[in-house]
Amino acid sequence: MAPAPIDERIKDVAEPRKDTLGLPEPALQRLKKAGIDLSNGYPYRPARPLYLQDVYNIRSKEWKHNDAGARADKSKSALFSAATKVTDLTTHIGTEIEGLQLKDLTDQQKDELALLIAERSVVFFRNQDISPQQQLALGKYYGEVEVHPQVPQVPGNLGVTVIWPDLQATERAANFRNPGGASRWHTDLVHELQPAGITHLHNDTVPPVGGDTLWASGYSAYEKLSPGFRRIIDGKLAVYRSAHPYLDRDRPEAGPRYVERVHPLVRVHPATGWKALWVNRAMTDRIVGLDRAESDLILGYLYDVYERNVDIQVRFKWTPNTSALWDNRITIHNASWDYGGKYPRHGTRVTSLAEKPYFDPAAPTRREALGLLDESEKQVDGPA
């Protein structure tokens, strides 16, 4: 598979680099079992677009997203009855399911899983025998699969991204003070016109110690705010940017620029109808209509609420051949690089794009919808 841009309209490209890093043995065996063609090297890298305008045009038109969780049976009986064990890992976020193979789910179970992810934010499945092709098929069921214009992918399977910190370290040196991998709080693909919904990461190779991933709940982060502060940010818009920069074709001398799109700070999930805080320190740039100093102050506080409240987070210890499926509309995540690159870590990721983010002032919080509010959450300062 010769390197090419992911969209045939893109003509101005940079040739991708050639990778020579040897695959970890568990990853190699999984890829061989799946019949992945490794004869031209691994991973496959698309020819990278040079210009910002071309990247904007890749997905520039809105489409209708039909959310699988919104059509699911609320009892989730088909999913739960087939599992041998279902365990909530914390009160507010994270559930582990045992006894199921993701590749064998019925459509009804896939819908119910989407609803469970929408409610619990991230769901884990250990001991999964799943190929990149089957992972891609599940992603297509949940929405339009994102094909990234420049990141490494599994050969012959555009949309299956390779998550391999050792490979990333060949491009950007990592050390204890400047960790590698995705070791900062972020949400995937916030710059898209219709950003990421469900992401499925399958790790076939993991360190024996360390390498955990943390997720935080956007539902709970929003609920940590006072009702008065929520009213300040409800309906506000922010500018979200891409992780990768490109040149402006009309002003290349101005240097690299990011893809930017405007979305609400607080969004509503279509399957649950609950409000969630939707910011992340890595890629939320500024609040529309505020001075930079004002925006930075508010965003800094929101990031801290999201990142520092450990009771609204889950930290997951990976084992080989584990899958995590999370919803980017209601979470941020952070991959710990505490193993320092001393052991291999390799996985494949598929992300399904979802609806254009929207805000509904009438939508409840999660705790309000579930009848969990305590007196401190109802309190309003001032005279009666």
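The sections below set out a description of the structure shown in this document. (Residues numbered from 1 in each chain as written. Predicted model: local features only at pLDDT ≥ 70, side-chain atom pairs only at ≥ 80, totals over all residues. Heavy atoms only, no water.)

## Digging into the packing of aromatic side chains
Then step 1. Applying the stated criterion across every chain, the model contains 10 aromatic pairs.
Then step 2. Considering the side-chain rings of tyrosine 141 and tyrosine 142, the 5.7 Å spacing of their centres and the 75° angle between planes classify their relative orientation as edge-to-face.
Then step 3. For the ring pair phenylalanine 316 and tryptophan 318, a centre distance of 5.5 Å and an interplane angle of 85° mean the geometry is edge-to-face. There is no split in this pair, since phenylalanine 316 and tryptophan 318 are both buried.
Then step 4. Through pairs of rings, three or more aromatic residues link up here, namely Phe124, Trp215, Phe316, Trp318 and Trp326.
Then step 5. Directly above the aromatic system of tyrosine 222 lies the positively charged group of arginine 230, at a separation of 5.3 Å from the ring centroid. (Phe/Tyr/Trp six-rings, centres within 6.5 Å; stacked < 30°, edge-to-face > 60°. Buried < 20%, exposed > 50% of the residue type's maximum accessible area, 1.4 Å probe, protein only. Lys NZ or Arg CZ within 6 Å of the ring centre and 35° of its normal.)

## Overview of helix α9 (residues 292-308)
Then step 1. Between its first and last C-alpha, α9 extends 23 Å over 17 residues, near the 24 Å set by a 1.5 Å rise per residue.
Then step 2. Of the residues making up α9, those classed as buried are Ser295, Ile298, Leu299, Leu302, Tyr303, Val305, Tyr306 and Glu307. (Helix = DSSP H or I, 4+ residues; strand = E, 2+ residues; numbered from the N terminus. Expected span 1.5 Å × (residues − 1).)

## Topic: the pattern of salt bridges
Oppositely charged side chains are able to pair whenever their charged atoms sit close together.
Then step 1. Counted according to the given criterion, the structure contains 32 salt bridges.
Then step 2. Note that lysine 224 is salt-bridged to aspartate 311, the shortest N-O span being 2.7 Å. Residue lysine 224 is found in helix α7 (residues 218-224), and its partner aspartate 311 is found in the loop between α9 and β15 (313-316); the two are separated by 87 residues along the sequence.
Then step 3. With a closest N to O distance of 3.7 Å, aspartate 234 and lysine 275 form a salt bridge. (Salt bridge = Lys/Arg side-chain N within 4 Å of Asp/Glu carboxyl O.)

## Quick word on the sheet that holds strand β11 (residues 257-264)
Then step 1. Ordered by their spatial adjacency, 3 strands build an open sheet running β11-β10-β14, and the pairing between neighbours is antiparallel. Pairing within the sheet leaves two strands with one partner each, and these edge strands are β11 and β14 (284-287). The average undirected angle you get between the axes of adjacent strands in this sheet is 30°.
Then step 2. Here strand β10 (residues 237-246) pairs with β11 via 7 bridges, running antiparallel. Residue pairing in the sheet places valine 239 in a bridge with valine 262 of β11. (Pairing = 2+ DSSP bridges. Axes fitted to C-alpha atoms, helices over the stretch in contact; angles between N-to-C directions.)

## Remarks on the nonpolar core
Among soluble globular proteins, nonpolar side chains are generally buried collectively.
Then step 1. In this structure, Ile233, Leu265, Leu277, Val279 and Leu302 are the most contacted members of the largest nonpolar core, which totals 27 residues.
Then step 2. Within the residue set of this core, elements represented by two or more residues are β9 (213-217), α7, α8 (227-233), β10 and α9.
Then step 3. Sorting elements by how many residues they give to this core places α9 first, with 6 residues.
Then step 4. Ranked by size, the runner-up nonpolar core spans 18 residues in total, among them Ala68, Leu79, Leu100 and Leu105. (Core = buried A, V, L, I, M, F, W, Y, C linked by side-chain atoms within 4.5 Å.)

## Some thoughts on the sheet that holds β15
Then step 1. Spatial ordering of the open sheet is given by β15-β9-β17, a layout of 3 strands whose pairing is antiparallel. In this open sheet, the two edge strands, each paired with only one partner strand, are β15 and β17 (331-335). Recorded for the sheet is a direction-independent mean angle of 15° between the axes of neighbouring strands.
Then step 2. Pairing of β9 with β15 involves 4 bridges; the strand directions are antiparallel. Across the sheet, residue leucine 214 finds its bridge partner in β15, namely arginine 315.

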